[in-house]
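Residue-level structure breakdown
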Amino acid sequence: QGLNVGDIVTVVGKRGEYKTTKEMVSPVFESVKNVETVSIADFRAKADDKTTYYLISGTVGKSTEAGTKYDLDTYGNFALTDATGSVYIYGVTTGWNGESKKFGTLGVKEGDNITIIAYKTSYKGTIEGVGIFLSKASE
């Protein structure tokens, strides 16, 4: 299938169990959405598109862009920074088809290195990523 880390896949199969471990029996890929891994600078250069997702990683911090909010408790609004630059993240769900307004349940704090899947958009001149939580680097 040519799958990479961060790709969005839907797998369908029957529920099974082996020695008390739940498993999927005879899984079939129903859909695959390839996600491109990019730097923050490359993400910022992409066209606004709510249907194309990118895998981006960086350090969580406060945005210095005017009009942005900082919220790690509810929405997940913050700056995500890597060696190439920074981008404002406006909202992060708890996972693919996960809950919004629950960012605080993920235990992410300022200075953490996280990876998200995001689409790129803009609002009043501010480049934004709207994200889906993927992982947090272990401490």
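Here the structure is a predicted model, which means the values were calculated and not measured.

1. Focus on the packing of aromatic side chains
Scanning all chains against the criterion turns up five aromatic pairs. Consider the rings of Tyr53 and Trp96, whose centres lie 5.4 Å apart with planes at 75 degrees: the pair is edge-to-face. Linking Tyr53 in strand S4 (residues 49-61) with Trp96 in the loop between strand S6 (85-93) and strand S7 (113-123), this pair joins segments that are 43 residues apart in sequence. We classify Tyr53 as buried; its relative accessible area is 14%. Each ring, one from Tyr88 and one from Tyr90, has its centre 6.3 Å from the other, and the planes form 45 degrees; the classification is tilted.

2. A short note on the pairing of S6
With six bridges connecting them, strand S5 (residues 77-82) and S6 associate as antiparallel partners. Looking at the pairing, Phe78 lines up with Ile89 of S6. Hairpin geometry of S5 and S6 is characterised by an intervening segment of two residues between the two adjacent antiparallel strands. Bridge count between S6 and strand S8 (residues 126-136): four bridges; the pairing is parallel. Within S8, the position partnered with Ile89 by the bridge is Gly129.

3. Notes on the pattern of salt bridges
For the coordinates displayed, the defined rule picks out seven salt bridges. Measuring nitrogen to oxygen at the nearest pair gives 4.0 Å for the salt bridge that ties Arg44 to Glu65. Here Glu65 lies in the loop between S4 and S5 and Arg44 lies in helix H1 (residues 40-45), a separation of 21 residues in the sequence. Overall, Arg44 belongs to the partly exposed group, its relative accessible area being 28%. Notably, a salt bridge pairs Asp112 with Lys109, separated by 3.5 Å at the nearest N-O pair. Residue Lys109 is classed as partly exposed on the basis of its relative accessible area, which comes to 42%. By sharing partners, the salt bridges in this structure join Lys109, Asp112 and Lys136 into a single network.

Conventions used here
Residues numbered from 1 in each chain as written. Predicted model: local features only at pLDDT ≥ 70, side-chain atom pairs only at ≥ 80, totals over all residues. Heavy atoms only, no water. Phe/Tyr/Trp six-rings, centres within 6.5 Å; stacked < 30°, edge-to-face > 60°. Helix = DSSP H or I, 4+ residues; strand = E, 2+ residues; numbered from the N terminus. Buried < 20%, exposed > 50% of the residue type's maximum accessible area, 1.4 Å probe, protein only. Pairing = 2+ DSSP bridges. Salt bridge = Lys/Arg side-chain N within 4 Å of Asp/Glu carboxyl O.

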